[in-house]
Amino acid sequence: MAWLMAILQTLLFIGLAPLLSGWIKRVKCRLQNRKAPSLFQPYRDLRKLYRKQPIVPHPASWIFRAAPYIVFASTVLAAAIVPLVAINLPTARIADVIVLVGFFALGRTFLVLAGMDIGTAFGGMGSSREMTISSLAEPAMLMAVFTLAMSAHTTNLSQAMNFVLDSGLVLRPSFVFAMGGLILVTIAETGRIPVDNPATHLELTMIHEAMILEYSGRWLALIEWASQIKLMLYGVLIANIFFPWGIAQTFTLNALASGLGTIALKLAVLAVMLALSEVLFAKMRIFRVQEYLSFAYLLSVLGLLSHIILEAAR
Amino acid sequence: MSLFLAGISVAAALLSGLAALAAGPDGLLRHGMLWWMKKAPFRRTRTNERLTPGRFSRFARTAPFLLLGASGSFAVLAGIAALLGGGTRTATLPFGLPWLDWHLALDPLGGFFFCVLGIPLIAASLFGPGYVREFEHGKHTLSVLGLFTGLFVAGMELVLLADDAFLFMIAWEVMSVASYFLVAYQHEHATSRRAAFLYLLMAEIGAIAIILAFGVLAGFGGGLTFEAMRAAAPSPLWASVAFVLALAGFGMKAGLVPLHAWLPEAHPAAPSHISALMSGVMLKIAVYGFIRFAFDLLPSLFWQWGVLVLLIGSASAVLGILYALQQQNLKRLLAYSSVENVGIVFTALGLSLIFQSSGNSQLGTLGLVAALLHSLNHALFKSLLFLGAGAILHQTHEHSLENMGGLIHRMPKVAALFLIGTLSIAALPPFNGFVSEWLIFQTALQAGSIQSGVLRSLIPTASAVLALTSALAATCFVKVYGIAFLGLPRSRHIARAREARHPGMLAGPVLLAACCVLFGVLPTPLINALGTLTQPLTGFVLPNISALGWLWLTPVSPEVASYSPALVLLGTVAVGWLCYYLLYRRTGLEPRRAEPWDCGFGGLTARTQYTSGAFSMPIRRIFEPVFDTRETIEEQTDGPAKTRVTGLRYQFQVLDRAWQVLYEPSGKAVTRLARWVGRLQAGNIRTYLGYSFFTLIVLLWVVS
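Residues numbered from 1 in each chain as written. Chains lettered and ligands numbered in written order. Predicted model: local features only at pLDDT ≥ 70, side-chain atom pairs only at ≥ 80, totals over all residues.

Chemist: Could you give an account of the overall build of chain A, with specific residues and numbers?
Modeler: Helix and strand content of chain A: 11 helices and one strand. In terms of overall size, chain A behaves like a compact globule, its C-alpha atoms giving a radius of gyration of 19 Å where 314 residues would be expected to give roughly 20 Å. Along the three orthogonal principal directions, the C-alpha set of chain A runs to about 60 × 45 × 45 Å. Residue burial in chain A is summarised as follows: out of 314 residues, 61% are buried. Of the contacts made within chain A by residues no fewer than 6 positions apart, 81% connect residues no fewer than 24 positions apart. (Helix = DSSP H or I, 4+ residues; strand = E, 2+ residues; numbered from the N terminus. Rg over C-alpha atoms; globule rule 2.2 N^0.38 Å. Buried ≥ 20, exposed ≤ 12 C-beta atoms within 10 Å, placed from the backbone. Contact = placed C-beta atoms within 7 Å.)

Here it is in structure tokens:
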């Protein structure tokens, strides 16, 4: 029963991810005074891509063909371990939050390898930049996660949410800092403004798009879908770790329905904030990203130190 | 039983050295065979038929490696027997000093390192026969290579068996000196000679530090056997002196920053299967020595030592990988990455020392287990990568990443094996590198149980450095794989490369890759087996490691953290296959081949690809203060006002700061000192007679 729930939740995760992207696009359009596409446009795009014949560039090897599947699989697995509407599901035990970071790294590694597989300058450029940014973002993310883990005495996501729920509404300075760090990392890792611009194919500023430039058809669909899931994953992480209230602790229909409702609400609010920041800020130069990420790292470290100094007093 | 197997293993290693010597061009075997043919003319025809020169040389090439493989297999068996059996087997041999026999002992710790030694040794001995073929007609005989390989392996095994400081140091020196000759094997290259000399120098300085460290304990314990040393009760100051000396000595051999600069010179200079053994195994022998000294011989531990080890380990890890990222020579890059991995091992040991000294044995044990596991994992994937690099070197004679590219099309099998090594060393789930790093993170996250606030904030910071290290390691090895194996070939001989023909050159890496996957997916039985090892060292066995069953890894308790690599692998494969089935098998269209996007200009060549130096340029720029970069641009101009540029020459070098900061100043200081001392030697016979006279008088005065 519990396993079935876990699988259902994962499917829900995968199914709802394009909707979130559509919502962000819609909010952004409204903010920029443009006419917005339908909320379901991302689904239509995916369906269209599935029907197209994919093209393989000449120098590509099997890595290029296998990468989309690996990227998608690792993202789905990551989605399986993050509690969306209910906690205490058995899948949360398979992997903890450090393994979650490992899943992202696995997907990214194959995407980067695929970018280098095609033997063009764009692929190498995107790959190099992606690895640089992620190697700075990963420590910041882990520090934020460690703040949480040291407060909750666990790296298991479900247990950590339980801890926050049990301890009630307390203002922890460490969590504020950690959330700040995690939000900045989220923006960097999901390739949003001001680190990367998902809407552009301007050749010299691309990061994520440069790597996947040669992809088409169903492979592109898988990669796009995976990055939509990844965006939602980070959103759910922020929403459910720092504001877990409303998530279902039991598997009754009422609890689950309210869990679904609250997470939808939380994600919608986060999406509005993301869209707002994307409208307000401009993209940074690539060599300013390090300052941005070291700020994220600093915030996470401050969170950790304030946990040790203020909260863990014995 | 385990000791007997270990003895056979040592004997086989020594025999392989002798066999190589006997099979050489002036060796006993060849003479013996000629003599036999003369002696028994009636068999001559038959022997001649069977023993053609080709067959003989193949036999001469293979036999030492067969014995080495046997040595490796017996080492693994002995290790498993010692690990599973628990307890210590001892023996004494009537060699050595008149009043001190050689004491041999094999306990689970030694047994574990026998396994760490054995698996790469088997792989290297499978790989070797194919690899050394090109040396056969070279300037140097194979018998030298074989002899010193045998001695080197036997030395390492004896270090693990030694139960007194005397035998330990003899074995240690055999290992160091034999490997010196291996580094100097291709001594026609000036770089090899220089690397070998530097290596010998550093090894000897390290050995002196180790001797002094043993000396402190022997002085307090009243004997050279380890048993006497364990009983010693030095004051905290003397214990700290011994600890620091041991850390310096073993750390120098292990390649810890800032003493690491010899390592990336020496390891790549040796033939590739030897590089694999040096990086994969010999560094682990140094780790073994450190664990033996700190956890077994020293009576008590202090948290300050742990902090020292933690700091040095973290520094080695992050600096090692930063330098590795900037290397263009594949084997040098791998050697720098060994510095990083040894740094990770010492980080874990530092955590273990801190927890152990503050009375938290469970976490101390966890840190130790993480360190041991990472030692094993590094031995596996680093040997795998070195053998892969060796295969490329053997087939194409190419060192530099800048000339490689597209090898996945030319050497698909090597490419697949190298990919497993890449994913393992980049610490990605579900491979083995991830498991050990995950355990280190889990240890670090329990820092809340320590009283001191400084330590509680230091440990998470160290783990953040570790996080940076592992992310940079992923960048580094993605670069290696992407540049060497993917894209278009950057030179003509790479474009014509062929897969290695000798089956052993694939079998060796296959064995290592299989172990990487196996220990990555099912680490729990292995960690359970380490219980016999940790019990005598820390007095603790991890109780909850398989609390959820053998598929799961739960380092502290199921509530704190759990990880099931097998289910992760299963999930990834299931989801990936499902997508493949739904999207391709059922409805998918066949993909079409086309030219990649070239912005409409046409004519994409290999030179428009990103290079290895370009890939790591952002990291170089971000971490600029770490590197000593030399960049020169020479312009050749022409025309009346020298305005027309006809040629550009761009040179770029990234040097190790350790040279500038530590090695060159101390080298200069030694030279200055030698000059100063040299003033004594005026070359005048009367002065020398004067020296003798005064010495005599002083001695008489002392005696009387």
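Moving on, there is more to tell.
Chemist: Which residues make up the packing of helix 16 (residues 361-396) of chain B against helix 19 (residues 432-445) of chain B, and what values do they have?
Modeler: Residue and element names in this part refer to chain B. Contact geometry for helix 16 and helix 19: axes closest at 9 Å, N-to-C directions at 160°. If you check the angle between helix 16 and helix 19, you find them roughly antiparallel. Crossing geometry of helix 16 relative to helix 19 is assigned as left-handed. Two secondary-structure elements touch here, helix 16 through L363, L366, G367, V369, A370, L373, H374, N377, L380 and F381 and helix 19 through N432, G433, V435, S436, L439, I440, Q442 and T443. Residue composition of the contact of helix 16 with helix 19, by class: 10 nonpolar, eight polar and no charged. (Axes fitted to C-alpha atoms, helices over the stretch in contact; angles between N-to-C directions. Parallel < 35°, antiparallel > 145°, perpendicular 65-115°, else oblique. Left-handed = near helix turned anticlockwise from the far one by under 90°. Nonpolar A, V, L, I, M, F, W, Y, C, P; charged D, E, K, R; others polar.)

Chemist: Describe in detail helix 16 of chain B, supporting the description with residues and values.
Modeler: All names here are of chain B. For helix 16, built from 36 residues, the straight-helix expectation of 52 Å at 1.5 Å per residue is met to within 8% by its first-to-last C-alpha distance of 51 Å. The element helix 16 is largely enclosed, with a buried count of 33 among its 36 residues. In the segment just after helix 16, H397 is the residue with positive phi, at about 55°. (Expected span 1.5 Å × (residues − 1).)

Chemist: Describe unusual backbone geometry, listing the residues and the values that go with them.
Modeler: Along the chain, I193 of chain A connects to P194 of chain A via a cis peptide bond; the corresponding omega equals 15°. With respect to the helices, strands and loops of the structure, P194 of chain A is situated in the loop between helix 7 (173-189) and helix 8 (208-211). Here the phi dihedral of C599 of chain B falls at roughly 65°; this positive angle occurs in a residue that is not glycine. With respect to the secondary-structure elements, C599 of chain B resides in the loop between strand 3 (592-594) and helix 26 (612-615).

Chemist: Break down the interface of chain A and chain B for me, citing the residues and quoting the values.
Modeler: As a measure of interface size, the accessible area lost when the parts come together is often cited. With 68 residues of chain A in contact, the opposing surface of chain B contributes 63 residues. For the side of chain A that touches chain B, the secondary structure elements donating two or more residues are strand 1 (55-57), helix 3 (62-81), helix 4 (97-117), helix 5 (121-152), helix 9 (217-242) and helix 11 (289-311) of chain A. A per-class count over the side of chain A that touches chain B returns 41 nonpolar, 20 polar and seven charged. For strand 1 of chain A and strand 3 of chain B, the ladder comprises three bridges, and the chain directions are parallel. The partner of I55 of chain A across the bridge, within strand 3 of chain B, is R592 of chain B. (Pairing = 2+ DSSP bridges.)

Chemist: Tell me what's going on with the environment of T637 of chain B, and back it up with residues and numbers.
Modeler: Residue and element names in this part refer to chain B. Within the secondary structure, T637 is located in strand 4 (residues 628-638). Each C-alpha atom, one on T637 and one on G647, is 7.0 Å from the other, the two residues being 10 residues apart in sequence. Among residues more than four places away in sequence, those in contact with T637 are K642, T643, R644, V645 and T646.

Chemist: Residue-level account of the pairing of strand 5 (residues 644-655) of chain B, with values.
Modeler: Residues and elements named next belong to chain B. With zero of 12 residues buried, strand 5 lies mostly on the surface of the structure. Alignment of strand 4 against strand 5, held across 11 bridges, turns out to be antiparallel. Pairing of T629 across the sheet is with V654, part of strand 5. Here strand 4 folds back onto strand 5, and the loop between the two strands holds five residues, one of which, G639, carries a positive phi near 95°.

Chemist: I'd love a proper account of the packing of helix 19 of chain B against helix 20 (residues 453-485) of chain B, names of residues and values included.
Modeler: All names here are of chain B. Across the interface, helix 19 lies against helix 20 with an axial gap of 9 Å and an inter-helix angle of 160°. The angle between helix 19 and helix 20 falls in the class roughly antiparallel. For the element pair helix 19 and helix 20, the recorded crossing hand is left-handed. Note on element contacts: helix 20 touches helix 19 through I459, P460, A462, S463, L466 and S470, opposite E437, I440, F441 and A444.

Chemist: Provide a residue-level description of the pairing of strand 2 (residues 102-106) of chain B, including the pertinent values.
Modeler: All names here are of chain B. Within strand 2, five of the five residues are buried, leaving the element largely enclosed by the surrounding structure. Side chains W102, L104 and L106 of strand 2 all project onto a buried face; the interleaved residues H103 and A105 project onto the opposite face, where all are buried too. Note that strand 1 (residues 89-93) and strand 2 share five bridges and pair antiparallel. In the strand pairing of strand 2, L93 is matched with W102.

Chemist: Tell me what's going on with the environment of A324 of chain B, and back it up with residues and numbers.
Modeler: Residues and elements named next belong to chain B. Examined against the element boundaries, A324 turns out to sit in helix 14 (residues 303-325). A324 sits in the buried class, given 26 other C-beta atoms within 10 Å. In this structure, the C-alpha to C-alpha distance between A324 and V568, residues 244 residues apart in sequence, is 30 Å. Sequence-distant contacts of A324, defined by excluding residues within four places in its chain, comprise L333, Y336, S337, E340 and C476.

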